[in-house]
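# Architecture at a glance
Single-letter residue listing:
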Amino acid sequence: MSEHLPTNIVPLSSITRFDVSKPRVSGCSAKSNGKATSCGSSAGPEDLPEEIWAKVQDHPCYSEDAHHYFARMHVAVAPACNIQCHYCNRKYDCSNESRPGVVSEKLSAEEAARKVMAVAAEVPQLSVVGVAGPGDALANAPKTFRTFELIHEALPHIKLCLSTNGLALPDHVETIAAMGIDHVTITINMVDPEIGAEIYPWIFFRHKRWEGLDAARILHERQMEGLEALTAKGILVKVNSVLIPGINDEHLIEVNKAVRARGAFLHNVMPLISDPAFGTHFGLTGQRGPTPAELRKVQDSLGGDAKLMRHCRQCRADAVGMLGEDRGAEFTLEKLTEAKPYDPKKREMYLSVVERERADRQKAKEMASAPEKIAETPLLVAIATKGGGRINQHFGHATEFQIFEVTSAGAKFISHRRTDKYCVGGTDDGDAMTTTLAALEGVAAVLCAKIGDKPKQRLAEAGIIASDDYAFDYIEASAITWYAGHKGAAAASASA
Ligand SMILES: C[S@@+](CC[C@H](N)C(=O)[O-])C[C@H]1O[C@@H](n2cnc3c(N)ncnc32)[C@H](O)[C@@H]1O
Ligand code: SF4
Ligand code: SF4
């Protein structure tokens, strides 16, 4: 069977570190971190109501757990936009650039459907296809919906997803519901038009261009109307907010309250990208993006029970693959003629592996966790992973680290941090280490599948412990076990 599995998934037979033969903690007596979990009404590792878990369990953006197992792709069928944001310039195009709004080729609905078939044949993890630009999905509504129709006819199991600024949303809620589109993202950066006027120079609405406060007021009203109409129909809405320091950083608490009151499922606060080279208004006028610490501060200020997305990778409008990887170059239009036919058995086999892996990973986590007796100082642990919920990437091959906040009681995903590959063409690259050390700021340990003596030494000099003792083990259980052996380091750094 293993020859059918994607390379980043390790067969269960390779699990050695955790004794999965011990009795499973499950059912009504289940305990997680010493706390009883609810019985009968919740499901999945994220403790969601069963009907919600059923909708998000294979959506890599709506469930942090799912992003370890499932892939998404964006199809670039929506070039036009009906508003202008000061942070967006869709004219800039680069195949090496990974950020929203960037694409290598724009597609017709038919081309997009062919591309989805080709990717589904190669990537059994594929579960979601989204339209997220390069412009706005609903400013190109006929093409967006035609694309979804074709995909649904060919691959009915694929979830459909769209991203919009919300201006045209109220006009399309009925169609979205009728087409079975269960996931919609709205970018909402303000609920106060005074702040909106600093972000949006103009909108185009009802055959007319609007500017200033009028534009921001219309946009705000349409966003709230669209959000309410979607949630009333049981559609899961994720709200994206771009964090723009000095403009909406303090205001995002109000945005969070407003969108939660209207039933938004998830709030994704994303850092502004404003490199002047991209030619956006903000980039050219010196508006900076937030630091990782500023981003985290705003996320943490949104209240303990706010459901936040912290694992967004701010993908290109033609991204393909697991979050954090982009296999778009393998599926360009000219390569589609070589595409293999889709084989549903490959996907079924993959799903059964994921089901077992998820259950065993959860069990390993519960077995490694100790009930919280005293307040412990959490440590940040960086993980090198290619997916599957395991520590399965060589330190030198990592282009990002997943950061977990860890105590003896649990390991919580906090964010990802991008870096450059340490090993380039088989040689150790000194500049990459500088980037990696910056990315690992505040991190106590790196857990990876393999690391050479030289980088291990460089990390040690920077006060970071690197370990490949947990190679191919589950992330959370390993991080908790590592923490248990290094609590002293936490106490020492807290008192330093
Ligand atoms: C390219 S847009 C496409 C969907 C739609 N037009 C919208 O704006 O919601 C996808 C996401 O990228 C975000 N985005 C675009 N440019 C950005 C930038 N420079 N920095 C951070 N986020 C950005 C948008 O706010 C939106 O949430
Ligand atoms: S709404 Fe989306 S596509 Fe339009 S300008 Fe803003 S970020 Fe760009
Ligand atoms: S941009 Fe964020 S929400 Fe959209 S596909 Fe990428 S990770 Fe998911």
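Residues numbered from 1 in each chain as written. Chains lettered and ligands numbered in written order. Predicted model: local features only at pLDDT ≥ 70, side-chain atom pairs only at ≥ 80, totals over all residues. Heavy atoms only, no water.

For the chain, an unreviewed UniProt entry supplies the name FeMo cofactor biosynthesis protein NifB and the organism Rhizomicrobium palustre. If you open the UniProt record of the chain and go to Sequence similarities (unreviewed entry), you find "Belongs to the radical SAM superfamily. NifB family." In UniProt, the chain has this text filed under Pathway (unreviewed entry): "Cofactor biosynthesis; Fe-Mo cofactor biosynthesis." (UniProt positions renumbered as here; feature names shortened; annotations may be inferred.)

## Some words on the overall build of the chain
Scanning the chain for helices and strands turns up 14 helices and 21 strands. Relative to its 496 residues, the chain shows a buried fraction of 53%. Contacts in the chain between residues far apart in sequence, at least 24 positions, make up 72% of those at least 6 positions apart. For the chain, the accessible surface area stands at approximately 21,400 Å², while carbon and sulfur atoms represent 52% of it. (Helix = DSSP H or I, 4+ residues; strand = E, 2+ residues; numbered from the N terminus. Buried < 20%, exposed > 50% of the residue type's maximum accessible area, 1.4 Å probe, protein only. Contact = heavy atoms within 4.5 Å. Areas by Shrake-Rupley, 256 points an atom, 1.4 Å probe, with all protein chains shown as cover.)

## Some thoughts on the packing of helix α2 (residues 109–122) against helix α3 (residues 141–154)
Direction vectors running N to C along α2 and α3 enclose 35 degrees, while the axes themselves pass 9 Å from each other. For α2 against α3, the interelement crossing comes out right-handed. Facing α2, whose interface residues are Ala 109, Glu 110, Ala 112, Ala 113, Val 116 and Met 117, α3 presents Lys 143, Arg 146, Thr 147, Leu 150, Ile 151 and Ala 154. (Axes fitted to C-alpha atoms, helices over the stretch in contact; angles between N-to-C directions. Left-handed = near helix turned anticlockwise from the far one by under 90°.)

## Some words on the site of ligand 3
The environment of ligand 3 is formed by Cys 61, Arg 72, His 74, Lys 238, Met 309, Cys 312, Arg 313, Gln 314, Cys 315 and Leu 323. Split by residue class, the shell around ligand 3 holds 5 nonpolar, 2 polar and 3 charged. (Near = heavy atom within 4 Å. Nonpolar A, V, L, I, M, F, W, Y, C, P; charged D, E, K, R; others polar.)

## Focus on the sheet that holds strand β11 (residues 208–211)
As summarised here, the arrangement of the 3 strands in space is β6-β10-β11, forming an open sheet in which the pairing is antiparallel. Both outer strands of the open sheet, β6 (83–84) and β11, are each paired with one neighbouring strand and no more. As paired elements, strand β10 (residues 202–205) and β11 share 4 bridges and run antiparallel to each other. Across the sheet, residue Phe 204 finds its bridge partner in β11, namely Arg 209. Along the sheet, helix α6 (residues 212–232) makes contact with β6, β10 and β11, crossing β11 at roughly 105 degrees. (Pairing = 2+ DSSP bridges.)

## Concerning the nonpolar core
Counting 58 residues, the largest nonpolar core has Val 75, Leu 162, Ile 176 and Leu 230 as its most contacted members. The biggest single contributor to this core is α2, with 7 residues. Val 75 has contacts with Leu 107, Ala 112, Val 116, Val 129, Gly 130, Val 131, Gly 133, Thr 147 and Ala 317, leaving out every residue within four places of it along the chain. Judged by nonpolar contacts, the second largest core, of 34 residues, contains Leu 48, Met 190, Ile 195 and Leu 236. (Core = buried A, V, L, I, M, F, W, Y, C linked by side-chain atoms within 4.5 Å.)

## With respect to the sheet that holds strand β14 (residues 320–322)
Ordered in space as β13-β12-β9-β8-β7-β5-β14, the 7 strands form an open sheet in which the pairing is mixed. This sheet does not close on itself; its edge strands, each paired only once, are β13 (266–271) and β14. Here the strands of the sheet are splayed against their neighbours by 25 degrees on average, with no regard to which way each runs. Strand contacts of α3: β7 (126–131) and β8 (159–164), with the helix running at about 165 degrees to β8, the strand carrying the most contacts. Against the sheet, α6 engages β9 (183–187) and β12 (236–243), with an angle of about 165 degrees to β9.

## Let's talk about the side chain of Gln 299
Its place among the elements puts Gln 299 in helix α9 (residues 292–301). Judged by its relative accessible area of 6%, Gln 299 falls in the buried class. If we ignore the near neighbours within four places in the chain, the residues touching Gln 299 are Val 269, Leu 308, Met 309 and Arg 310.

## Structural notes on α6
The terminal C-alpha atoms of α6, which comprises 21 residues, lie 31 Å apart, in line with the 30 Å expected from a rise of 1.5 Å per residue. The set of residues buried in α6 consists of Ala 215, Ala 216, Ile 218, Leu 219, His 220, Arg 222, Gln 223, Met 224, Gly 226, Leu 227 and Leu 230. Positioned one or two residues after α6, Gly 234 has a phi angle of 80 degrees, which is positive. (Expected span 1.5 Å × (residues − 1).)

## Brief notes about the packing of helix α10 (residues 344–368) against helix α13 (residues 475–485)
Interhelical geometry of α10 versus α13 gives an angle of 15 degrees and a closest axis separation of 7 Å. By the criterion of interaxial angle, the relationship of α10 to α13 is roughly parallel. In this structure, α10 meets α13 at a crossing whose hand is left-handed. Mapping the contact onto sequence places Arg 361, Ala 364, Lys 365 and Ala 368 in α10 and Glu 476, Ala 477, Ile 480 and Thr 481 in α13. Partitioned by chemical class, the residues of the contact of α10 with α13 number 4 nonpolar, 1 polar and 3 charged. (Parallel < 35°, antiparallel > 145°, perpendicular 65-115°, else oblique.)

## Observations regarding the pairing of strand β17 (residues 410–418)
Along β17, 7 of the 9 residues are buried, which leaves the element largely enclosed by surrounding structure. Pairing of strand β16 (residues 400–407) with β17 involves 8 bridges; the strand directions are antiparallel. Residue pairing across strands places Glu 405 opposite Lys 412, the latter belonging to β17. Hairpin geometry of β16 and β17 is characterised by an intervening segment of 2 residues between the two adjacent antiparallel strands.

## A short note on the pattern of salt bridges
The tally for this structure, following the rule as stated, stands at 25 salt bridges. Where Asp 214 meets Arg 217, a salt bridge forms, and the shortest distance between an N and an O atom there is 3.6 Å. Of this pair, Asp 214 and Arg 217 are both found in helix α6, 3 residues apart, which corresponds to roughly one turn of the helix. Take Asp 214: its relative accessible area is 41%, and that puts it in the partly exposed class. Connected through shared salt-bridge partners, Asp 65, Arg 358, Arg 361 and Glu 476 make up one network. (Salt bridge = Lys/Arg side-chain N within 4 Å of Asp/Glu carboxyl O.)

## Some remarks on the domain arrangement of the chain
Entries for the chain in the domain assignment read domain 1 (12–335) and domain 2 (370–495). Viewed at the interface, domain 2 and domain 1 are joined by 2 salt bridges. In this structure, Glu 400 engages Arg 313 in a salt bridge whose closest nitrogen and oxygen atoms are separated by 2.6 Å. Put simply, domain 1 and domain 2 have 5 residue pairs in polar contact (both at pLDDT 80 or more) between them. Class assignment of the residues belonging to the side of domain 1 that touches domain 2 gives a composition of 6 nonpolar, 8 polar and 5 charged. (Domains from an automatic or database assignment. Polar contact = N/O pair within 3.5 Å; in protein donor to acceptor, adjacent residues only side chain to side chain.)

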